[in-house]
Protein chains: 2
Amino acid sequence: MDAWFTEHHQAHHGHGELIGGRLVSGFESPVRAERVRAAFEAAALGAVRSPADHGLSPILDVHDAGYVGFLQRAWRDWQALGHQHPALGMIWHAGLGRPRVLPRHIEGQLGFYSLDAGCAIVAGTWEAAYWSAQCALSATQAILQGAGSALAICRPPGHHATADAMGGYCYLNNAAIAAQALRARFARVGIVDVDYHHGNGTQAIFWRRDDVFFTSLHADPHDDYPYFSGHADERGDGPGTGHTLNLPLPAGTQAPAWLAALEQALDATVQRGCEAVVVSLGVDTFERDPISKFKLTGDDYLEIGRRLRRLVVPMLFVFEGGYATDEVGANAVSVLVGYERG
Amino acid sequence: MDAWFTEHHQAHHGHGELIGGRLVSGFESPVRAERVRAAFEAAALGAVRSPADHGLSPILDVHDAGYVGFLQRAWRDWQALGHQHPALGMIWHAGLGRPRVLPRHIEGQLGFYSLDAGCAIVAGTWEAAYWSAQCALSATQAILQGAGSALAICRPPGHHATADAMGGYCYLNNAAIAAQALRARFARVGIVDVDYHHGNGTQAIFWRRDDVFFTSLHADPHDDYPYFSGHADERGDGPGTGHTLNLPLPAGTQAPAWLAALEQALDATVQRGCEAVVVSLGVDTFERDPISKFKLTGDDYLEIGRRLRRLVVPMLFVFEGGYATDEVGANAVSVLVGYERG
């Protein structure tokens, strides 16, 4: 299994987030991706490659052009106000329905295009997000060309970004962009999201589609971010009805219950006839993750990889969350080791 | 003209807000109401009275019971997490539509019940908001009993609060609660919102009703808060169609253009046959207001009061915004002096 990685991710740094009523520096930090790369190299699973530039087109197959344009120019517009600190939304269109009119002012646009105050924009955010998506696309290319598995060491992560809004540290939805690109060869693609948080962005993108099956194991949205989606009764809509499967789990969940839910997710993925699978690989399910409440241990990640082997289809791993920086590399790579070596 | 005021407003203090990408102490500060009371006393327009307790019932005539319950217990639930600093929403249901399920976690509830990150909750927020509404209700009572005019020195302000969400320093919509209570005697009530910002909460509350006419002069939402409502083509819906009139104005607006728009608002209020009028009295249109971009001068507030005299119906003034603390009292009371003395 080869991995795709680029130093461009480091351009997204120095951002803050509003959490617990305080503005703090981002839990989603550059060291995370570096640790995954280092652990991947140490495990000698394959080569670490630089992504090719696949351009904007496959990104625009998933994301709204207005939103992508906003991401490209947001920092410049923010700086034009005299600001040097991170741009952060503060006014949302919550409860008023999707607004009809995009405001001219960058402060209004930040709210228009975001879901929460966890997504600051700094000078290098677009560069990092663009190349994070390119890592996913290059790994996808390997799968399309016949590789059995591949890893995209994406940063910033992607699964909270909808077609037209950033949220939860995510700007471009790398997993969704990859799944869409895989459709060029595979009639049905599955996305198995094992991140601690519900993949609300990915769900929204494929909500009404029957060609991409989305399943997610995550913290019960009653108790944790993103709060407003991820309930078990959310199953898709229109032609997509039944092509979304949510498995919310309570705080304190340990490996046995978590793995039982994974089996449900894998059963459904097999049943739907998915010919290729994207794994949204968050490891914030870890017992010492600073913002999460599940209780998986280091050894459990090997077992997760072993369980994923029974999906005998090409598998693309896309790095998502995981904020215990000392263990994030080892835990993410343990999944891959379990998958490759059993 | 008598005024209603209570020291309870001081319980709402020490709150912060997210503005311009930074978490700062609130522009909406206790001194604001004190300055209005002092200026009112100095002008010798009438007595300053303490509000009676009209209870929750008239508040619930306008606001959702779940939301009111949340406001009552939010600080306690937030404290239970070990927090002593202000509670602030950070995750909204932006763009996903109104969520079906109220999260159990207070962080989720803060987002569920708010529109932006300008509405922190501290220990005394409910006490202050409750008594702010009681000031409006006591002043309303005076009008219902025959007074020609009355002032409610409300703090926190109200016009950004919808039936079920706080926003823009506002928790309970004092003007809407007063207008609703005035309906007990007056078949048609007008609300003239002269605050710098669009009264999005008030608009939303009466959006589909033909018995309360809402008109607002404010900063073009393209350029300023609340960004997602207040465009000229928003005119109400269903039976309320034509019973909302928005007059957005550009940054830098001075008295001549502002007063011309006021004439339009007053013409429409007369045309609709309003038998009593609530004035949402914000004075953040002032040239030195720290967060606003209109250019009214101190003398202009006298003229605003004079212009309002031509509505020969009972008039209730409800204090809203105004953040130039040195002048906020004089400017607000100048409107009343102009109204009372011509």
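Note that this is a predicted model, so its numbers are computed, not measured. (Residues numbered from 1 in each chain as written. Chains lettered and ligands numbered in written order. Predicted model: local features only at pLDDT ≥ 70, side-chain atom pairs only at ≥ 80, totals over all residues. Heavy atoms only, no water.)

A. Quick look at the interface of chain B and chain A. Each partner contributes to the interface: chain B provides 48 residues, whereas chain A provides 48 residues. Between chain B and chain A lies a buried interface of about 4200 Å² when both sides are counted; carbon and sulfur atoms form 64% of it. Summed over the three residues of chain B that lose the most area to chain A, namely B:His222, B:Tyr227 and B:Phe228, the buried surface amounts to 18% of that side. Across the chain B-chain A interface, the total number found is eight salt bridges. (Contact = heavy atoms within 4.5 Å. Buried area = accessible area lost by both parts, 1.4 Å probe. Salt bridge = Lys/Arg side-chain N within 4 Å of Asp/Glu carboxyl O.)

B. Geometry of the packing of aromatic side chains. Enumeration over the complete set of coordinates arrives at 23 aromatic pairs over all chains. Ring centres of A:Trp126 and A:Tyr130 lie 5.7 Å apart, and the angle between their planes is 45°; on these two criteria the pair is classed as tilted. A residue pair is termed a helical-turn pair when its members lie 3 or 4 positions apart in one helix, as A:Trp126 and A:Tyr130 do in helix α5 (residues 125–144) at four residues. For the pair A:Trp126 and A:Tyr130, a shared accessibility class is recorded, and that class is buried. Plain terms: the ring middles of B:Phe112 and B:Tyr113 are 4.9 Å apart, the flat faces sit at 85° to each other, and that makes the pair edge-to-face. Of the two residues examined, B:Phe112 and B:Tyr113, each falls in the buried class. Members of the aromatic cluster, joined through ring pairs, are A:Tyr67, A:Phe70, A:Phe112, A:Tyr113, B:Tyr227 and B:Phe228. (Phe/Tyr/Trp six-rings, centres within 6.5 Å; stacked < 30°, edge-to-face > 60°. Helix = DSSP H or I, 4+ residues; strand = E, 2+ residues; numbered from the N terminus. Buried < 20%, exposed > 50% of the residue type's maximum accessible area, 1.4 Å probe, protein only.)

C. Broad picture of the side chain of B:Asn246. All names here are of chain B. Tracing the backbone shows Asn246 in strand β8 (residues 244–249). We classify Asn246 as buried; its relative accessible area is 3%. Within the structure, the side chain of Asn246 is placed 2.8 Å from the side chain of Gln203, a separation counted as a polar contact. Looking at Asn246, its side chain comes within polar contact range of the main-chain oxygen of Glu234, at 3.2 Å. Setting aside residues no more than four positions away along its own chain, Asn246 makes contact with His198, Gln203, Phe214, Ser216, His218, Gly230, His231, Ala232 and Glu234. (Polar contact = N/O pair within 3.5 Å; in protein donor to acceptor, adjacent residues only side chain to side chain.)

D. Local environment of the pattern of salt bridges. Within the structure shown, the criterion is met by 42 salt bridges over all chains. A salt bridge links A:Glu263 to A:Arg310; its shortest N-O distance comes to 2.7 Å. Highlighted residues: A:Glu263 in helix α8 (residues 255–271) and A:Arg310 in the loop between α9 (298–308) and β10 (315–319), separated in sequence by 47 residues. For A:Arg310, a relative accessible area of 33% puts it in the partly exposed group. Measuring nitrogen to oxygen at the nearest pair gives 3.3 Å for the salt bridge that ties B:Arg73 to B:Asp77. You can see B:Arg73 and its partner B:Asp77 sitting in helix α3 (residues 65–79), four residues apart, about one turn around the helix. Residue class for B:Arg73 comes out partly exposed when judged on its relative accessible area of 22%. Note on B:Asp77: relative accessible area 27%, which makes it partly exposed.

E. Here's a closer look at the pairing of strand β7 (residues 212–219) of chain B. All names here are of chain B. Of all eight residues in β7, eight are buried, a share of seventy percent or more. Summarising the sheet, strand β6 (residues 189–193) and β7 pair through five bridges and their orientation is parallel. Following the sheet pairing, Val192 is matched in β7 by Thr215. The handedness of the β6 to β7 crossover, carried by helix α7 (residues 200–206), is right-handed. When β7 meets β8, the two strands line up parallel, connected through six bridges. For Thr215, the partnering residue across the bridge sits in β8 and is Leu245. (Pairing = 2+ DSSP bridges. Right-handed = clockwise from strand over helix to strand, strands pointing away.)

In short, geometric facts, not functional conclusions.
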